[in-house]
Structure formats: structure tokens, C-alpha cells
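# Commentary on secondary and tertiary structure
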Amino acid sequence: MRYVATVYVRLKPGYSDPEGETTARALQGLGYRVIEVRASKAYEVTLEADSREEAEAAVDEMCRRLLTNPTKDDYRFEIRELR
Amino acid sequence: MRRHEIRALLMRAPGTNCDAETARAFRDLGVRAEVVHTQRVFRERNLLDYDILVFPGGFSYGDYVRSAAIWAKECEYRIGPDLERFVDEGRPVLGICNGFQLLVEAGFLPGFEGRSRYPEAALANNTTGYQCRWVRVRHLSRGNCALTREVPRDAVLAMPIAHGEGRFLFPRDRQDEYLRRLYENDQLVFRYVKPDGSFADGEAFHNPNGAWHDIAGICNPAGNVLGLMPHPERAYFGWLTPDWTRREKPPEYGDGRLIFESVVRYVERRF
């Protein structure tokens, strides 16, 4: 079966996020009542797996091995079956 | 080992740079330096035929995902065991800029317990964006780092940086413990300093990227793997230094030469 995982990666709280901070200042400049912006990166991964559990385990490992550096990044993902 | 027998492998990948400068530095020291594309290394070369391995600077694979992340994993699945053997045998590995990022992403640095499966540190995006200019770093190794043994302790070196992701970080919940281990194992090699030689203390400009504890370069516990953000090959010859025209007699060499000299002398003595 085929699954599609949408993976979101962002800096862990507590690390300064220059991209988010700069963007927040620009949005504030445009007049929005923005308090904070955290930049994040999203990947859409289409993969083959025999079950949903297998797909989830594979995506979780991908996140730890390549898509994030666990030192500084947090991740979460949503997974759905491709029909 | 005699100097003219020493073979240095400078691996290049799509998007790396300064490999030619690095080769010229090694050749100036009388070493055989080969610049070989990473795919050719994977397919046709034996890493263990070489005595020195250099991962140059640049932006391998467009810095996709994170700086050097893709190249690091590619090296892991193509030549991982050879790379580990190269390091375990004490052969010197130098990672400059993108090469430093690669060694961190591949788990060789800081490598407290040997190579780690997941990175134990990170080189995050600079707090002030991409920076390309000269900086000063102080050499702190007490002798463990084989690749800087010709650099006097506490010497301040001037070298250029050129990166957008060089903010050295440890996991927040372990940073004090990891820093203590860096000092205990004598793994802290370079820290950014101000013109007067005092530590930058995070101050923007002197610390160009917001690196934690002003860390610019570290080595592994065995001292044969060094990663640093500044480019020593761009500070090898005197005429590469920014102020040579203002001096009465231009210096023959820049500060970067000491690092290459250290690498070569280490191989001469050890093998």
C-alpha cells in the first residue's frame, strides 16, 4: 500500500530562530498584531508499506536519521493512505 | 612516511568549493593531493589508499534539508565502514566549513563515544544570516588535536568564513555536560575572539554566527578528526590576507598554513 506522510520540522523551543524573528518583525511592520513566528519546513513523503504501523515507524526513523537533527529540531507528521 | 609519498584525498561534491585552494595548499607542502568527485570515490576509489581525507567547504547538494545532511548520509551508506576504519586507524580527517557540518551530521564530531548514530551537535542557521568575511579564532587545544599541533596554544589566527549555517549548538538539556566533556577530553580547538584576543562572548560581529560558547572548531576525542567553520585554505598564502598590500613586506604565508603543516607533519611522524 502507499501512504503519504506530511512531515513538519522546526527548531526546538528555546533556540533562536532568526528566520521566524525576522518574519515576525516584517509582519508587525505590516500592522498585524503578531506575537511570534516560528519558521518550519514541511516535506511530503510518499512511501510503500505493508501497514499503517510500518509506514509510521519508517517515517519516524526517516525523521531521526535525515529530515531532522535531533539536537535542535522537533518534528511531527501526519500520515494517510493513498487510495 | 616521507612527505612526497603522502596522498591526500579532497572529496568534492555538487556545490562544494575551495577544493582547488585546498589542493594547492597541500601541494605547496609537497604532498600529493587529488581532488576527486564523491561519486567517483564511491565507485572507483579505495578510501584506505589515502593518508589524509579532506571534506571541503561549500554547499553540497544545495544545502537541501540541512547543510551537508544529504552528503553525510550518502557517505554513510556508500563508504561508511571504510570511513570509520579510516578514522579508527588514526588517519587525519579535516572538515572545513561544509566539511565540518558533514562530520557533525555523520556523527564523527564530537564523537564522545566514537561515531554516533544521530548527530550530537548541530550547526544551525546564523543569527545574522550569511556571512563572508575575515574572523579571528583562538587556538585552545592542549595538544590532543593532531591537526593543529604546529599552532601555538592561545595563538590567535585570522581566517575567512563564508557560511549561512555555522551556529554551533549542543542539545539544550545537555549543553553544560557536553561542554565539560569537550574541555575534559581536550576537544575544543577554536573559539571566536575579538581583535584584542578576548573571547567574543557571543557578541555579534566577532562571533559571526551566534555559535554557542563561541565555538568555531572541535576535534574528536582521539584528536585525528578536526572540523572548523573558518577556511584555512583561504588564508594559506600571504597574498590572500586582507592587509598584505599595506605591509612593507608582504608575509609569505597566512595563518591557515599552520593547520596544513600540522596535518602533514602528523602523517610524517605517525605513519
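Right above here is the structure, for reference.
Predicted model only: the values in this text are computed from it and were never measured.

Thresholds applied
Residues numbered from 1 in each chain as written. Chains lettered and ligands numbered in written order. Predicted model: local features only at pLDDT ≥ 70, side-chain atom pairs only at ≥ 80, totals over all residues. Helix = DSSP H or I, 4+ residues; strand = E, 2+ residues; numbered from the N terminus. Rg over C-alpha atoms; globule rule 2.2 N^0.38 Å. Buried ≥ 20, exposed ≤ 12 C-beta atoms within 10 Å, placed from the backbone. Contact = placed C-beta atoms within 7 Å. Nonpolar A, V, L, I, M, F, W, Y, C, P; charged D, E, K, R; others polar. Pairing = 2+ DSSP bridges. Axes fitted to C-alpha atoms, helices over the stretch in contact; angles between N-to-C directions. Core = buried A, V, L, I, M, F, W, Y, C linked by C-beta atoms within 7 Å.

### Describing the overall build of chain B
For chain B, the count of helices and strands is six helices and 13 strands. Against the globule reference of 18 Å for 271 residues, chain B gives a C-alpha radius of gyration of 17 Å, in line with a compact fold. In terms of overall dimensions, chain B has C-alpha extents of about 50 × 45 × 35 Å along its principal axes. Burial statistics for chain B: of 271 residues in total, 53% are counted as buried. Residue pairs in contact within chain B that sit at least 24 positions apart in sequence constitute 73% of those at least 6 positions apart.

### Quick look at the overall build of chain A
Scanning chain A from N- to C-terminus turns up two helices and three strands. If you list the helices and strands of chain A from N to C, you get β-α-β-α-β. Against the 2.2 N^0.38 benchmark of 12 Å for 83 residues, chain A shows a C-alpha radius of gyration of 16 Å, more extended than a compact globule. The dimensions of chain A, computed from C-alpha atoms along their principal axes, are 50 × 30 × 15 Å. Burial status across chain A gives 19% buried among its 83 residues. Pairs at least 24 apart in sequence give 68% of the contacts found in chain A among residues at least 6 apart.

### Thoughts on the interface of chain B and chain A
If you look at the interface, chain B gives 19 residues, while chain A gives 13 residues. Looking at the side of chain B that touches chain A, the elements that each hand over two or more residues are helix H3 (69-88) and strand S7 (122-125) of chain B. Partitioned by chemical class, the residues of the side of chain B that touches chain A number 10 nonpolar, four polar and five charged.

### Things to note about the sheet that holds strand S4 (residues 52-55) of chain B
All names here are of chain B. Spatially, nine strands are ordered S3-S1-S4-S6-S13-S12-S11-S8-S9 in an open sheet, and the strand pairing comes out mixed. The sheet is open, and its two edges are formed by strand S3 (32-37) and strand S9 (156-163), each paired on a single side. Across the sheet, the mean angle from the axis of one strand to that of its neighbour is 20°, orientation sign disregarded. Two elements, strand S12 (residues 215-219) and strand S13 (residues 225-228), share three bridges in a ladder whose sense is antiparallel. The residue bridging Cys-219 from the neighbouring strand is Leu-226, located in S13.

### Topic: the pairing of S4(B)
Every other side chain in a regular strand lies on the same face of the sheet, so the side chains alternate between the two faces. All names here are of chain B. Where burial is concerned, the two faces of S4 agree: the one with Ile-52 and Val-54 and the one with Leu-53 and Phe-55 are both buried. Inspection of the sheet shows strand S1 (residues 7-12) paired to S4 by three bridges, in the parallel sense. Bridge pairing in S4 links Leu-9 to Leu-53. Pairing of S4 with strand S6 (residues 93-96), which is carried by three bridges, proceeds in the parallel orientation.

### Quick look at the nonpolar core
With 81 residues, the main nonpolar core has B:Ala8, B:Ile52, B:Leu103, B:Leu147, B:Val189 and B:Val263 as its most contacted residues. Looking at which element gives the most residues to this core, the answer is H3(B), with eight residues. When residues no more than four places from it in sequence are discounted, the contact partners of B:Ala8 are B:Phe26, B:Val31, B:Arg32, B:Ala33, B:Tyr50, B:Asp51, B:Ile52 and B:Val54. One finds A:Val9, A:Ala55, A:Val59 and A:Tyr75 within the second-largest nonpolar core, a separate group that totals nine residues.

### Re the sheet that holds strand S2 (residues 40-48) of chain A
Residue and element names in this part refer to chain A. One open sheet accounts for three strands, arranged S2-S1-S3; its pairing is antiparallel. Each end of this open sheet is capped by a strand with a single partner; those strands are S2 and strand S3 (73-82). The sheet shows a mean angle of 20° between the axes of neighbouring strands, taken without regard to direction. The pairing of strand S1 (residues 2-11) with S2 spans nine bridges and is antiparallel. Across the sheet, residue Val-7 finds its bridge partner in S2, namely Tyr-43.

### Overview of the environment of B:Gly197
Residue and element names in this part refer to chain B. Considering the arrangement of structural elements, one finds Gly-197 in the loop between strand S11 (188-192) and S12. The exposure class of Gly-197 is exposed, given the 11 C-beta atoms found within 10 Å. Measuring from C-alpha to C-alpha, the distance between Gly-197 and Ile-218 comes to 19 Å, with 21 residues separating the pair along the chain.

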